Amino acid sequence: MDFLTRLTSGPPIVADGAMGTMLQAAGLPPGKTGEFWVLEQPDAVAAVHRAYVEAGAELILTCTFGGTRPRLARSGLADRVAEVNRRAVEIARQAAAGRAFVAGDIGPLGELLAPLGKRTYQEAVDLFAEQAAALAEAGADVLYIETMSALEEARAAVEGARRAAPHLPITLTFSFDTRGRTNMGVRPEQVARAAQEWGVAAFGANCGATLEMTEEALQKMRAAAPDAVLIAKPNAGLPRMVEGKPVYDATPEMMADFAARAAALGARIIGGCCGSSPDHIRAIARQLAAQRTG
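All of these numbers come straight from a predicted model, not from anything done at the bench. All chains use their own residue numbering, which begins from 1 and follows the written sequence. Confidence filtering applies because this is a predicted model: local features only for residues at pLDDT of at least 70, side-chain atom pairs given and counted only at 80 or more, and all residues used for totals across whole chains, interfaces and linings. Computation of side-chain values covers all heavy atoms of the structure but excludes hydrogens and water.

*Asks:* Give a detailed account of the overall build of the chain, specifying residues and quantitative values.
*Replies:* Helix and strand definitions here come from DSSP, where helices need a minimum of 4 consecutive H or I residues and strands a minimum of 2 consecutive E residues; each element is numbered from the N-terminal end. Counting its secondary structure elements, the chain contains 12 helices and 10 strands. When a residue's accessible area, from a 1.4 Å probe over protein chains only, is under 20% of the maximum for its type it is buried; when over 50% it is exposed; and in between it is partly exposed. Residues classed as buried in the chain amount to 54% of the 294 residues present. Within the chain, residue pairs in contact and separated by at least 24 positions form 77% of the contacts whose partners lie at least 6 positions apart. Here, Shrake-Rupley sampling with a 1.4 Å probe gives the accessible areas, and only protein chains in the shown set may cover a residue. A total accessible area of about 12100 Å² is found for the chain, and carbon and sulfur atoms account for 51% of it. All tallies of charge rest on Lys and Arg as positive and Asp and Glu as negative; His and the ends of each chain are not included. Charged side chains are reduced to one point each, which is NZ for Lys, CZ for Arg, CG for Asp and CD for Glu. One finds the centroid of the 30 positive side-chain charges in the chain at a distance of 1 Å from the centroid of its 33 negative side-chain charges. In this analysis, two residues are considered to be in contact whenever any of their non-hydrogen atoms come within 4.5 Å of each other.

Put into structure tokens, the structure is as follows:
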């Protein structure tokens, strides 16, 4: 069964949880990115993927959130865009072992587009297309654009992904963390209208300040687009700093309760973002399975 068929039939797809915080717990040095470990410590990245698959994830995201050229340049990897992204897909594919779909993860550029910044729209399209091409060539099942905050950058990501891999489905999620809006002021209703216009396979909310804010965003998206395929992948609650490290307070049970509510709102992909672990994903998978059999 291909990804699109699975997305639109059967129960909701259980997605994985955080990669960054899991790698940090495994010893990723401060200042180093997950993409650096794709090349230097692939076994550690694979171990995270396998843990999520064992927990019940049916969709795992490649370790390429920062896999665009500008983000990789910060780690001295600007000339290895294709290598990083292809290797990340290979690692995920091997870890999935046929038990989960592999999503080619595409995060924001980390730069503002003109007129607020110097990066032009067409440059952004080209940068996203470069990453998407490598992910697609290596065998990703879907191009998964996430944690967006500005409509123009999201549109550039969708355009770049479609140009690079017109045969692959594209999904899109925004992060809502400022009074129900993104940090660039975008409302969930605006995302719903834009995402439908762009023709993505599914859209929704990830990351975010709180579970409640993500749930509210989903409610507004559902109201604006009653027939849309939604995605819910929130952080494990609101982080607080303890001894210089972020601690996330949402328990697996809290995330499972959220998953039940997200499914009721029509979410077809449900997982976790920052701070979530295989325990959170296991609880989500059990909750959704219980709903099917209950």
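After that view of the structure, there is still more to cover.
*Asks:* Residue-level account of a positive patch on the surface, with values.
*Replies:* Patches draw on residues past 30% relative accessible area with no salt bridge. Two like charges within 9 Å are joined, as are two nonpolar side chains (Val, Leu, Ile, Met, Phe, Trp, Tyr) within 5 Å. Each salt bridge in this description consists of a side-chain nitrogen of Lys or Arg and a carboxyl oxygen of Asp or Glu lying within 4 Å of one another. Residues Arg179, Arg181, Arg187 and Arg193 make up a contiguous surface patch of positive charge. Considering the arrangement of structural elements, one finds Arg193 in helix α9 (residues 188-198).

*Asks:* Would you mind going over helix α10 (residues 211-224) in detail, with residue names and values included?
*Replies:* A helix is expected to span 1.5 Å multiplied by its residue count minus one. With 14 residues, α10 extends 20 Å between its outermost C-alpha atoms, agreeing within 8% with the 20 Å of an ideal straight helix rising 1.5 Å per residue. By the burial criterion, the buried members of α10 are Leu211, Met213, Thr214, Glu215, Ala217, Leu218, Met221 and Arg222. Of the surrounding elements, those touching the buried residues of α10 are α9, β6 (202-207), β7 (230-234) and α11 (252-264).

*Asks:* An account of the environment of Ala225 is requested, with residue identities and associated values reported.
*Replies:* Position of Ala225 relative to the elements: it lies in the loop between α10 and β7. For Ala225, a relative accessible area of 1% translates into the label buried. Sequence separation between Ala225 and Pro239 is 14 residues; the distance between their C-alpha atoms is 31 Å. The residues contacting Ala225, other than those within four sequence positions of it, are Ala192, Gln196 and Phe203.

*Asks:* Please set out the environment of Glu253 residue by residue, giving values where relevant.
*Replies:* Structurally, the position occupied by Glu253 is in helix α11. A relative accessible area of 53% places Glu253 in the exposed class. Through-space distance from the C-alpha of Glu253 to that of His280 is 7.6 Å; in sequence the pair is 27 residues apart.

*Asks:* Hey, could you go over the packing of aromatic side chains for me, with residue numbers and the actual values?
*Replies:* Here the aromatic set is Phe, Tyr and Trp, taking the six-membered ring for Trp, and pairing holds for ring centres within 6.5 Å; pairs whose planes are under 30 degrees apart are stacked, those over 60 apart are edge-to-face, and all others are tilted. Inspection of the entire model under this criterion finds 1 aromatic pair. Between Phe3 and Phe101, the ring centres sit 5.6 Å apart and the planes meet at 85°, which makes this aromatic pair edge-to-face. Taken together, the residues span a long stretch of sequence, with Phe3 in helix α1 (residues 3-8) and Phe101 in strand β3 (residues 101-106) at a distance of 98 residues. Looking at Phe101, the relative accessible area reads 15%, which means it is buried. Sitting over the ring of Phe36, Lys32 keeps its end group 3.9 Å from the ring centre. A positively charged side chain is recorded as over a ring if its NZ (Lys) or CZ (Arg) lies within 6 Å of the ring centre. The angle to the ring normal must also be within 35 degrees.

*Asks:* Describe the side chain of Asn85, naming the residues involved and giving the relevant values.
*Replies:* Locating Asn85 in the fold gives a position in helix α6 (residues 81-96). When its relative accessible area of 0% is taken as the criterion, Asn85 is described as buried. Only 2.8 Å separates the side chain of Asn85 from the backbone oxygen of Val81, close enough to count as a polar contact. Discounting residues that sit within four places of it in the chain, Asn85 has contacts with Thr64, Gly67, Gln131, Ala134 and Leu135. Think of a polar contact as two N or O atoms within 3.5 Å of one another; within protein, one of them needs to be a possible hydrogen donor and the other a possible acceptor, and neighboring residues in sequence only count if both atoms come from side chains.

*Asks:* Describe in detail the packing of α9 against α10, supporting the description with residues and values.
*Replies:* Only the stretch in contact is used when a helix axis is fitted, and all axes are lines through C-alpha atoms; the angle between N-to-C directions ranges over 0 to 180 degrees. Where α9 contacts α10, the two axes come as close as 8 Å, and the packing angle between them is 50°. The orientation of α9 relative to α10 falls into the category oblique. In this structure, α9 meets α10 at a crossing whose hand is right-handed. Of the residues in α10, those in contact with Pro188, Glu189, Val191, Ala192 and Gln196 of α9 are Ala217, Lys220, Met221 and Ala224. For the contact of α9 with α10, the residue count by class is 6 nonpolar, 1 polar and 2 charged. In this scheme, roughly parallel covers angles under 35 degrees and roughly antiparallel covers those over 145, while 65 to 115 is roughly perpendicular and the rest are oblique. In this scheme the handedness of a crossing depends on how the near helix is turned from the far one: anticlockwise by less than a right angle means left-handed, clockwise means right-handed. Charged means Asp, Glu, Lys or Arg here, nonpolar means Ala, Val, Leu, Ile, Met, Phe, Trp, Tyr, Cys or Pro, and polar covers whatever is left, Gly included.

*Asks:* For the pairing of β7, give the residues involved together with the corresponding values.
*Replies:* For a regular strand, the rule is simple: side chains alternate between the two faces of the sheet. Judged by how many residues are buried, β7 sits mostly within the fold: 5 of 5 residues are covered. Of the two faces of β7, the one holding Leu230, Ala232 and Pro234 and the one holding Ile231 and Lys233 are both buried throughout. Across 5 bridges, the pairing between β6 and β7 is parallel. Residue pairing in the sheet places Gly204 in a bridge with Ile231 of β7. Look down the strands so they point away from you; if going from the first strand over the helix to the second traces a clockwise path, that crossover is right-handed. After leaving β6, the chain enters α10 and then returns to the sheet as β7, a path that is right-handed. A strand pair is defined by DSSP finding two or more bridges across the two strands.

*Asks:* Before we move on, can you summarise the pattern of salt bridges with the specific residues and values?
*Replies:* Taken as a whole and assessed by the stated rule, the structure comprises 16 salt bridges. As a salt-bridge pair, Asp141 and Arg93 come within 3.2 Å of each other at their nearest N and O atoms. Taken together, the residues span a long stretch of sequence, with Asp141 in the loop between α7 (121-137) and β4 (142-148) and Arg93 in helix α6 at a distance of 48 residues. On the basis of relative accessibility, which here comes to 22%, the residue Asp141 falls in the partly exposed class.

*Asks:* Requested: an account of the environment of Thr68, with residues and values cited.
*Replies:* For Thr68, the position within the fold is in the loop between β2 (59-61) and α5 (69-73). Those residues in contact with Thr68 that lie beyond four places of it in its chain are Gly107, Pro108, Leu109, Leu127, Phe128 and Gln131.

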